[in-house]
Amino acid sequence: MEASLPKWGLACSPLVEGGLVLVARGGKGLCLAAFGAKDGKQKWTSGDDEAGYSSPLVAEIGGTRQAVFFTASRLFGVRPLDGKVLWEFPWPT
């Protein structure tokens, strides 16, 4: 797998949620990734955005628990279990 390194590097703190470690690393098909907290194995990837410079957070929005990420081009919420995008809002940086 390849991910491009932005000009200023990456600045994402990992988020532990439901036995997974969620990170925003950027790149086509690799924007977001989840790894098993116990075994370190990749569980899923999602999105094509370049990385941003913020850390994800978990919130319950509309009764649904989700991980919220800023990337270089949008703000969006995903289902932590599988990375399915639940909503998005364009936010170019």
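Okay, so let's go over this structure.

Conventions adopted
- Residues numbered from 1 in each chain as written.
- Predicted model: local features only at pLDDT ≥ 70, side-chain atom pairs only at ≥ 80, totals over all residues.
- Heavy atoms only, no water.
- Core = buried A, V, L, I, M, F, W, Y, C linked by side-chain atoms within 4.5 Å.
- Buried < 20%, exposed > 50% of the residue type's maximum accessible area, 1.4 Å probe, protein only.
- Helix = DSSP H or I, 4+ residues; strand = E, 2+ residues; numbered from the N terminus.
- Contact = heavy atoms within 4.5 Å.
- Polar contact = N/O pair within 3.5 Å; in protein donor to acceptor, adjacent residues only side chain to side chain.
- Salt bridge = Lys/Arg side-chain N within 4 Å of Asp/Glu carboxyl O.
- Phe/Tyr/Trp six-rings, centres within 6.5 Å; stacked < 30°, edge-to-face > 60°.

Before going further, it helps to examine the nonpolar core. Listed in full, the 12 residues of the largest apolar core are Leu15, Leu20, Leu22, Ala24, Cys31, Leu32, Ala34, Trp44, Ala67, Phe69, Phe76 and Val78. At the level of secondary structure, the elements contributing two or more residues to this core comprise strand 2 (20-24), strand 3 (32-36), strand 6 (64-70) and strand 7 (74-78). In terms of residues, this core owes the most to one element, strand 2, which gives 3 residues. Filtering out sequence-adjacent residues up to four positions away, alanine 24 remains in contact with Cys12, Cys31, Leu32, Ala51 and Phe69.

Looking now at the side chain of aspartate 49. Topologically, aspartate 49 is positioned in the loop between strand 4 (42-46) and strand 5 (57-61). Take aspartate 49: its relative accessible area is 10%, and that puts it in the buried class. Within polar-contact distance, the side chain of aspartate 49 engages the side chain of serine 73 at 3.3 Å. When neighbours within four sequence positions are excluded, aspartate 49 is seen to be in contact with Gly26, Gly27, Cys31, Thr71, Ser73, Arg74 and Phe76.

In this section: the pattern of salt bridges. Inspection of every chain in the model, using the stated rule, returns 6 salt bridges. The residue glutamate 17 makes a salt bridge to arginine 65 at a minimum N-O spacing of 2.7 Å. With a gap of 48 residues between them, glutamate 17 in strand 1 (residues 15-17) and arginine 65 in strand 6 connect regions that are remote in the sequence. On the accessibility criterion, glutamate 17 (15% relative accessible area) is buried. Classification of arginine 65 by relative accessible area gives partly exposed; the value is 46%. A salt bridge links aspartate 39 to lysine 43; its shortest N-O distance comes to 3.2 Å. Note on aspartate 39: relative accessible area 42%, which makes it partly exposed. Three or more residues joined by partner-sharing salt bridges are found here, namely Asp49, Arg74 and Glu88.

Before going further, it helps to examine the packing of aromatic side chains. Under the counting rule described, the total for this entry stands at 3 aromatic pairs. Judged by centre distance (6.3 Å) and plane angle (35°), the rings of phenylalanine 69 and phenylalanine 76 are tilted. For the pair phenylalanine 69 and phenylalanine 76, a shared accessibility class is recorded, and that class is buried. A ring pair is formed by phenylalanine 70 and tryptophan 91, whose centres lie 5.2 Å apart and whose planes are at 65°; its orientation type is edge-to-face. Taken together, the residues phenylalanine 70 in strand 6 and tryptophan 91 in the segment after strand 8 (85-90) connect sequence positions 21 residues apart.

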